[in-house]
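Secondary and tertiary structure notes
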Amino acid sequence: MYGFDYHRPGSVADATSALGGADDGKYLAGGQTLLATMKQRLAAPSDLVDLGGIADLKGISVSGGTVTIGATTTHAEVAASADVQGAIPSLAALAGDIGDRQVRNAGTIGGSLANNDPAADYPAAILALGATVTTNKREIAADDFIKGLFETALEEDEIITSVSFPAPTSGAYMKFKQPASRFALVGVYVAKTADGVRVAVTGATSHAHRGPRLEAALNENFSASAVDGVEIPVDHMNVDIHAGAEYRANLVKVMAKRAVEACG
Amino acid sequence: MPTVSMTVNGKAVSADVEARTLLVHYIRDHIGLTGTHVGCDTSQCGACVVHVNGKSVKSCSTLAVQAEGADVATIEGLANGEELHPMQAAFKENHGLQCGFCTPGMVMSAVDLANNMKNLDEATIREQLDGNICRCTGYHNIVKSIKDGAERMGG
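Residues numbered from 1 in each chain as written. Chains lettered and ligands numbered in written order. Predicted model: local features only at pLDDT ≥ 70, side-chain atom pairs only at ≥ 80, totals over all residues. Heavy atoms only, no water.

Looking now at the overall build of chain B. The helix and strand inventory of chain B stands at 5 helices and 5 strands. The C-alpha atoms of chain B give 15 Å as radius of gyration, which agrees with the globular expectation for 155 residues (15 Å, within 12%). Referenced to the eigenvectors of the C-alpha coordinate spread, the extents of chain B come out at roughly 45 × 30 × 25 Å. For chain B, the residues scored as buried account for 50% of the 155 residues in total. (Helix = DSSP H or I, 4+ residues; strand = E, 2+ residues; numbered from the N terminus. Rg over C-alpha atoms; globule rule 2.2 N^0.38 Å. Buried < 20%, exposed > 50% of the residue type's maximum accessible area, 1.4 Å probe, protein only.)

Set out below in structure tokens:
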């Protein structure tokens, strides 16, 4: 890892000014991706602005059927939260199955979303649940937040402050894990919401995305058998040593069926 | 260089280190506690697991500066003099180690698990041990040790 200057601001305003004063600074949340990337010298920021000391960014609250999670809340905290378990059990379960126990004790929801790994779990959660990402500048609907491979709507100095999830009627996330990294080879989140069925897929393509064909079929007939007739396009599927395009496309259907069954 | 201070195994420690110093190197090279191991250095193997403010983390994936002011526990802090911690005793008696390289991380993860989850069954232990790799044992005796150790700890 190359050297850098370290800053630990106590407020969001101090964090943005620290980043503004840096040549090529980056925000640090849990560090479970960024530090590994820096160790490999794939990233070499001049400055790290650690968001871990900002109390305003932590915590979970529930109000009027909406769960709001502070950006630096860890995956372990989301998984263990009685509020999240009560309002959106599928979201608590998703958080409890990210990485391993030690990664869950350090990694944060804001860090995961800002990084937007193509195989991360939270991007699927915000899309399926129709969440709103709140930053120090604005509110961004999930559908506008995810832009591409490791690409989001966030500007360089923008900080996610919290994420709000409206509770669905029911929901389930099913993930086929790459057994070494525990990232999703394919993960599918199905949610029955006030606006109909929403389906989000992660791990399959360059970034998490909604599944319009699956949504159409499930809005007509919410059953695992409805998934059988859906054609999943293979053109944009990720291909790597773990899985080819056809295999991943098939996994999308298998995970979607399991998620529908788990929704009940 | 930043001065980084924290509590390690109940003792206040301080060292001037570069900001890029990982917590594991701070503990091993600057504080001189070498029980915490560097296995893979890529956050896979868990040989470097320590507790930071009561939670198990991988000290190879944490900067020392992030732990400024924190309460850190390492494998050296578990035993009470010559008397092994119940989890260490369980590993010893159940033959939960062979070469021993992964053991400090295994034991620290196991103690965190036993502290935070009650009535641990085998499936839960295996699932929660996802972040610790052992190349010798095949895990059976490690899982057995953790179940026994958790019971000795009152779980």
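There is more to say after this.
A complete count under the given rule lists 22 salt bridges over all chains for this structure. The shortest N-O distance in the salt bridge between Asp41(B) and Lys39(A) comes to 3.1 Å. On the criterion of chain membership, the pair formed by Asp41(B) in the loop between α1 (23-30) and β3 (49-52) and Lys39(A) in helix α2 (residues 34-39) is interchain, its members lying in two chains. The salt bridge partner of Asp148(B) is Arg152(B), with a shortest N-O separation of 2.9 Å. Here Asp148(B) pairs with Arg152(B), and both are found in helix α5 (residues 140-152), just 4 residues apart, close to one helical turn. A single network of salt bridges, built from pairs that share partners, joins Asp100(A), Arg182(A), Lys58(B) and Asp130(B). (Salt bridge = Lys/Arg side-chain N within 4 Å of Asp/Glu carboxyl O.)

For chain A, the assigned domains are domain 1 (5-51), domain 2 (58-166) and domain 3 (170-263). On a C-alpha basis, the centres of domain 1 of chain A and domain 3 of chain A stand 34 Å from each other. (Domains from an automatic or database assignment.)

An ideal rise of 1.5 Å per residue puts 20 Å on 14 residues; helix α3 (residues 103-116) of chain B measures up with 20 Å between its terminal C-alpha atoms. Among the residues of α3(B), those classed as buried are Thr103(B), Pro104(B), Gly105(B), Met106(B), Val107(B), Met108(B), Ser109(B), Ala110(B), Val111(B), Asp112(B), Leu113(B) and Ala114(B). (Expected span 1.5 Å × (residues − 1).)

Below, the discussion takes up the layout of surface pockets. Each pocket or cavity is described by its volume, and for the second largest pocket that value is around 560 Å³. In this structure, the second largest pocket is lined by 22 residues; those nearest its centre are Lys58(A), Asn105(A), Ala106(A), Val52(B) and Gln66(B). Residues of the lining of the second largest pocket, tallied by class, amount to 6 nonpolar, 10 polar and 6 charged. (1 Å grid on protein atoms, 1.4 Å probe; cavity = no way out; pocket = protein on both sides within 12 Å on 5 of 7 lines; lining within 4 Å. Points joined across faces, edges and corners; volume = space filled by probe spheres on them. Nonpolar A, V, L, I, M, F, W, Y, C, P; charged D, E, K, R; others polar.)

How big an interface is tends to be expressed through the accessible area that disappears when the partners come together. In this complex, chain A contributes 26 residues to the contact, which on the side of chain B involves 26 residues. Between chain A and chain B, roughly 2,100 Å² of surface is buried when both sides are summed, and carbon and sulfur atoms account for 45% of that area. Of all residues in chain A, Lys39(A), Arg101(A) and Gln102(A) bury the most surface against chain B, accounting for 33% of the area lost on that side. Remark: the boundary between chain A and chain B carries 5 salt bridges. (Contact = heavy atoms within 4.5 Å. Buried area = accessible area lost by both parts, 1.4 Å probe.)

The next thing to look at is the sheet that holds strand β12 (residues 184-193) of chain A. Residues and elements named next belong to chain A. The 4 strands are arranged β11-β12-β13-β14 in an open sheet whose pairing can be described as antiparallel. If you trace the sheet from one side to the other, it starts and ends with β11 (170-177) and β14 (209-210), each paired once. Both β11 and β12 contribute to a ladder of 8 bridges, which runs antiparallel. The residue of β12 that forms the bridge with Lys 175 is Gly 187. (Pairing = 2+ DSSP bridges.)

For the rest of this paragraph, the subject is the pairing of strand β4 (residues 60-63) of chain A. Of the pairings in the sheet, the one linking β4(A) to strand β5 (residues 66-70) of chain A comprises 4 bridges and is antiparallel in character. When the sheet's bridge partners are listed, Ile60(A) is paired in β5(A) with Ile69(A).

What follows covers empty space enclosed by the protein. Scanning all chains against the criterion turns up 1 cavity of 30 Å³ or more. Gly96(A), Asp97(A), Gly99(A), Asp100(A), Arg104(A), Lys177(A), Glu127(B) and Asp130(B) together form the lining of the largest cavity. Considered class by class, the residues forming the lining of the largest cavity number no nonpolar, 2 polar and 6 charged.

What follows concerns the nonpolar core. Formed by 38 residues in total, the largest nonpolar core has its most connected members in Leu91(A), Tyr122(A), Ile126(A), Phe145(A), Val163(A), Phe165(A) and Tyr189(A). Of all the elements in the fold, those that place two or more residues in this core are β5, α3 (75-80), α5 (89-95), α7 (109-115), α8 (122-129), α9 (142-145), β10 (160-166) and β12 of chain A. With 7 residues, α8(A) is the single largest residue contributor to this core. Looking at which domains feed residues into this core, each of domain 2 (58-166) and domain 3 (170-263) of chain A gives three or more. Those residues in contact with Phe145(A), other than ones at most four positions away along the chain, are Leu113(A), Ile126(A), Val133(A), Ile140(A), Glu151(A), Thr152(A), Ala153(A), Leu154(A) and Ile160(A). Membership of the second largest hydrophobic core comes to 32 residues, among which are Met1(A), Leu34(A), Val24(B) and Tyr26(B). (Core = buried A, V, L, I, M, F, W, Y, C linked by side-chain atoms within 4.5 Å.)

Attention now moves to the sheet that holds strand β2 (residues 25-28) of chain A. All names here are of chain A. If you trace the 3 strands from one edge of the open sheet to the other, you get β1-β3-β2, paired in parallel fashion. Every other strand in the sheet has two partners, leaving β1 (5-7) and β2 as the edge strands with one partner each. Adjacent strand axes in the sheet meet at a mean angle of 20°, parallel and antiparallel pairs treated alike. Summarising the sheet, β1 and strand β3 (residues 47-50) pair through 3 bridges and their orientation is parallel. Bridge pairing in β3 links Tyr 6 to Leu 48. Contacts from helix α1 (residues 12-20) reach β1, β2 and β3 within the one sheet, and its direction differs from that of β2 by about 150°. (Axes fitted to C-alpha atoms, helices over the stretch in contact; angles between N-to-C directions.)

Turning to the packing of aromatic side chains, a few remarks are in order. Two aromatic rings, taken as a pair, are described by how far apart their centres are and by the angle between their planes. All names here are of chain A. Under the criterion given, the structure shown has 1 aromatic pair over all chains. On the basis of an interplanar angle of 40° and a centroid distance of 5.6 Å, the ring pair of Tyr 173 and Tyr 189 is categorised as tilted. Of the two residues, Tyr 173 is situated in strand β11 and Tyr 189 in strand β12; the sequence distance between them amounts to 16 residues. An identical accessibility class is assigned to Tyr 173 and Tyr 189; each is buried. Over the aromatic face of Phe 222 sits the side chain of Lys 192, whose NZ or CZ is 4.4 Å from the ring centroid. (Phe/Tyr/Trp six-rings, centres within 6.5 Å; stacked < 30°, edge-to-face > 60°. Lys NZ or Arg CZ within 6 Å of the ring centre and 35° of its normal.)

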